[in-house]
Every structure is written in C-alpha cells, then in structure tokens.
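Here is how the chains run, residue by residue.
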Amino acid sequence: MKNLVVGAGLTGAVIAERIASKLNEEVTVIEKASHIGGMHYDYVDKESNILVQPKHLNFLHTNSKFIWDYLNKFAKFQPLAFRPLVCIQGINATMPLCLLTLHEVFPEDFAKMLENKLIAKFGYNKKITLADMHRNFDDDLKFLAEYFYENVFKPYTMKQWGIPEHSVPDCSDTYYPFDISMDDRYFKEKYQAVPVCGWTNMIENILKHKNIKLKLNTDFASVNVDKFDRIFYTGSIDEFFDYKHGELPYRSVDVVLDDNLTDLNGQTFNYPFNFDFIRANVYKKVLPNSVYTSDKDIVGFEYIEDFELGKNERFYPINNPQSQEVYRKYVEEAKDMYNLYFAGRLGEFKYYESDELVTRAFETVARLIDSGEEDETVEEVILQTESEESIEE
C-alpha cells in the first residue's frame, strides 16, 4: 500500500511514522511550507541559542505515560512547569487564578478573608468557576467573581474571539476556572516538558524512517492522488472540498518578535485589557536551564485576529451552531470517499493540545490494523501495538 500524508505537522508526522514502522508501508509526506512543524515550528536563534517558537508557544502536558515514552524516543525533554502571569489593573498576577492571585491583587487582610470564605464554602484544593462564586448569596464572593470577570474573563474573551461586549456570557454563566489552592501551575498533568532541541527537531526525527519520503514546498493540488492507496489529510477539511459548503471560521495568531528586551521575569505575560497583543512569551524563560550565549531575551508578542484566506494561518476554530453545521456537511461528504482520513486541528475543526494530536494520529492508524477482535477498542489496539513494539526492541 502507498500512503500520502498531507501536512508535516505533529499529527501528520506521527501518522507517517506509525504507518512506516508498524505497517511497513511506503509513506509520502507533503508540506506546502518550506519547513516542517506546522504550528509547532520553532528554531534556535544563532546569536543567543534561544529556542524561538514563532507561531505558538507549545508545551507537552499529559497524564499518558504511553505518549510520554513514545515522544521521548525522538527527543530529549526538559521537565518544567508552565507558570504564566496575567496583568490585572497593572499588577502581574498568578495565572491560573488561585489563592495566590488573591494575595497579589488585594490588601492582605481582604485577601485572607476571601481565602477563608472560599475554603469554608467549597473546600481546599477544589476547582470552581466564576459562576459558582457569583451564584452565592455571599456579597464578598460575588464581588470577587465580578472583579475577575471584569478584569480577566470579559476583556480576554473579547480580544481572543473578536466579539463585542454584549456577546460575552454573563458572569453568572461563565465557565472561567478558579483553583482553591496555592498551586500556580497552569497545567496539572503528570508529565510537563518542552523538547530541548525544539519541536521541529523532534518532528524531523519522527520522520526519519526508510519508508518515509518528505516533500516540502508541495501543494496538495499539484499531486497525482491516483498514485496512492490512502490519503491522510491534516489540512483544513473545507479547503479539501473547495469550500463547497462554505468556509469554516478560525481565529489566527500573528507573533511579532522583539529581540531588544532583557530581564523579563516570567515565561508568559497575558494582557486581557492592556495593549492590542494578548500575550508576550519570553522564550529564554521557557527553557531556563539551557546555556545561552547572549544577555538578550527574545519576546514573541501574540496578536489574535480573524483568519483570512491567503493572508494568515488558521489556528483557533470558532465553534458555534452555524460552523458546526457546515463542518457536519463536510464530514458527511467525506464518508463517501474510500480510504480518505481527516485528522488534526484543521482536519477535524477542533482545537487539540500537543498530546491530543499524538493520540489522534495513533487512533487514525490503529483503525487500519486488524485487531482480530471486533469488540476491541482503538485505545486497546494502540496499547497492544506499542506493547509488541517494546518486546521487539
């Protein structure tokens, strides 16, 4: 069988590697860009040795030892915790919102009173929402919910999704989380890390297989698909069908780099209200244990904007009843096409974290493997094939 994988991002690379190694079949991977990696693309700045992620800041965070072990075959990871900050009325405070945040933005006596009320009402080490706070009969907790709603959730939502104020959910309906704990880690999973040499280097290693042929600067439209038995498409599903049911809406990310800044104390600063950019990523602080050859920092300022065909790249899918109906039509269309598989953020019109992209790639290839048991789940097939691989090694 000859296989075509469209897109050399994380999903496409893992799909190709699984087919090449587990099925021992030929795989051609095409990528319309001049580099691999997709939104995981990064590079090392030659002057400073700083790993720059110019499209989006990506962390691996997962509870799956299976995914952790798999990716560690292709890269060395530096364990670390992501601890971003959020600017609240001029104060850089802990994000996620938690008990620490209270003591950073309020006078100590008032913060302690709010802390005691939250613990008494909900318990310690609990995750609640601003809506949970707001629906209380306690005026202090209602104030706290409204304070974070007005200074974090509402302006952040408007900037992230480009929506007017009247379209933002009311405070009593918001899902925005608050952690009743002193844990200031943004992610809570067991395994948290960044590949030391970068995501692009890791993806290069994933694609290094004798059965895989990579072609850059290659558009899908230029390929003779009749030469292939299967197609795995990680591009946008609406583009594949030439937008016959309409264009799926996305928000895009434009990262503007500045290498003239120094001494910034933090990995990421979020700006819900201030400035036009939504966050600033300090790349030197992402891998703090690396050896750097310059005093400078490189900072990526993220601007969120609407996706426009031919101008920028798709990133965050805009999910609403209208867009889901359009997507459903494309899914129905795809069901009639033999040996065509859509996967990844764009292929499935869904935002996935890095570990979820790997899982989706495994699940896609697992469906090609005859498990021999009709009631065996995709997850069981994945674990079975990985177990067999470990024995072979």
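Structure shown above.
Residues numbered from 1 in each chain as written. Predicted model: local features only at pLDDT ≥ 70, side-chain atom pairs only at ≥ 80, totals over all residues. Heavy atoms only, no water.

Trainee: What exactly am I supposed to notice about the sheet that holds strand β12 (residues 212-215) here?
Mentor: Hydrogen bonding along the main chain pairs the strands of a sheet, whether they run parallel or antiparallel. Strand order in the open sheet formed by five strands is β12-β2-β1-β13-β19, with parallel pairing between adjacent strands. One side of each edge strand has no neighbouring strand; the edge strands of this open sheet are β12 and β19 (340-342). Neighbour-to-neighbour, the strand axes of this sheet turn through a mean angle of 15 degrees, independent of strand direction. Relative to strand β2 (residues 26-30), strand β1 (residues 2-6) runs parallel, the two being bridged by five bridges. Looking at the pairing, N3 lines up with V27 of β2. (Pairing = 2+ DSSP bridges. Helix = DSSP H or I, 4+ residues; strand = E, 2+ residues; numbered from the N terminus. Axes fitted to C-alpha atoms, helices over the stretch in contact; angles between N-to-C directions.)

Trainee: Help me understand helix α4 (residues 108-122), please; the structure alone is not making it clear to me.
Mentor: Residues separated by three or four positions in an α-helix point in the same direction, a consequence of the helix having 3.6 residues per turn. With 15 residues, α4 extends 21 Å between its outermost C-alpha atoms, agreeing within 8% with the 21 Å of an ideal straight helix rising 1.5 Å per residue. Buried positions along α4 lie against α3 (99-105), β9 (126-129), α5 (130-134), α6 (139-161) and β10 (177-180). Just downstream of α4, G123 is the residue with a positive phi angle, here 95 degrees. (Expected span 1.5 Å × (residues − 1). Contact = heavy atoms within 4.5 Å.)

Trainee: Whenever I open this one, the sheet that holds strand β15 (residues 268-270) confuses me. Can you help?
Mentor: One open sheet accounts for seven strands, arranged β8-β7-β15-β16-β17-β14-β18; its pairing is mixed. In this open sheet, the two strands that pair with only one neighbour each are β8 (91-94) and β18 (316-317). Alignment of β15 against strand β16 (residues 279-282), held across three bridges, turns out to be antiparallel. Looking at β16, one finds that T268 is bridged to N281. Strands β7 (85-88), β14 (250-261), β15, β16, β17 (297-306) and β18 of the sheet are contacted by α6, whose axis makes an angle of about 110 degrees with β7.

Trainee: How should the pattern of salt bridges be read in this particular structure?
Mentor: Two side chains bearing opposite charge may form a pair once their charged atoms approach each other closely. In this structure the tally under the stated criterion is 28 salt bridges. In this structure, R18 and E17 form a salt bridge, with 2.8 Å as the shortest nitrogen-oxygen distance. A single burial state applies to R18 and to E17, both of which are buried. Here E325 ties to R328 by a salt bridge, and the two come within 2.6 Å at their closest N and O atoms. Here E325 and its partner R328 are both found in helix α10 (residues 321-335), three residues apart, which amounts to about one turn of the helix. Classification of E325 by relative accessible area gives partly exposed; the value is 34%. (Salt bridge = Lys/Arg side-chain N within 4 Å of Asp/Glu carboxyl O. Buried < 20%, exposed > 50% of the residue type's maximum accessible area, 1.4 Å probe, protein only.)

Trainee: Which parts of the structure should I look at to understand the packing of helix α1 (residues 10-22) against helix α12 (residues 354-366)?
Mentor: The relative placement of two packed helices comes down to the angle between their axes together with the axis-to-axis distance. Contact geometry for α1 and α12: axes closest at 8 Å, N-to-C directions at 35 degrees. The interaxial crossing formed by α1 with α12 has right-handed handedness. Of the residues in α12, those in contact with L10, T11, V14, I15, R18 and I19 of α1 are S354, L357, V358, A361, F362, T364 and V365. The residue inventory of the contact of α1 with α12, partitioned by class, reads nine nonpolar, three polar and one charged. (Left-handed = near helix turned anticlockwise from the far one by under 90°. Nonpolar A, V, L, I, M, F, W, Y, C, P; charged D, E, K, R; others polar.)

Trainee: In this structure, what is going on with the nonpolar core? I would like to understand it.
Mentor: Soluble globular proteins: nonpolar side chains tend toward being buried together. Counting 59 residues, the largest nonpolar core has L10, L71, M202 and I206 as its most contacted members. Residue contributions to this core peak at seven residues, all from α1. Those residues in contact with L71, other than ones at most four positions away along the chain, are L60, F77, M202, I206 and V358. Counting residues in each nonpolar core, the second largest holds 28 residues, with L97, A111, L118 and L130 among its members. (Core = buried A, V, L, I, M, F, W, Y, C linked by side-chain atoms within 4.5 Å.)

Trainee: Even after reading the chapter, I still don't get the packing of aromatic side chains, so can you show me in this structure?
Mentor: Given two aromatic rings, one states the distance between the centres and the angle between the planes to describe the pair. Counted according to the given criterion, the structure contains 44 aromatic pairs. Where Y271 meets F277, the ring centres are 5.4 Å apart and the plane angle is 85 degrees; that geometry is what we call edge-to-face. Take Y271 and F277: they sit in the same class, and that class is buried. Ring centres of Y316 and Y351 lie 5.6 Å apart, and the angle between their planes is 25 degrees; on these two criteria the pair is classed as stacked. Of this pair, Y316 sits in strand β18 while Y351 sits in the loop between α11 (344-347) and α12, and the two are 35 residues apart along the sequence. Judged by its relative accessible area of 9%, Y316 is buried. Members of the aromatic cluster, joined through ring pairs, are F106, F110, F143, Y147, F148 and F178. (Phe/Tyr/Trp six-rings, centres within 6.5 Å; stacked < 30°, edge-to-face > 60°.)

Trainee: Can you walk me through the packing of α1 against helix α7 (residues 199-206) in this structure?
Mentor: For the pair α1 and α7, interaxial distance at closest approach is 9 Å and the crossing angle is 20 degrees. Overall, the two elements α1 and α7 adopt an arrangement that is roughly parallel. You can see that α1 and α7 cross each other, and the crossing is left-handed. Contact residues: L10, A13, V14 and E17 in α1; W199, M202, I203 and I206 in α7. Taken together, the residues of the contact of α1 with α7 sort by class into seven nonpolar, no polar and one charged. (Parallel < 35°, antiparallel > 145°, perpendicular 65-115°, else oblique.)

Interpretation in functional terms is not warranted from these geometric data alone.
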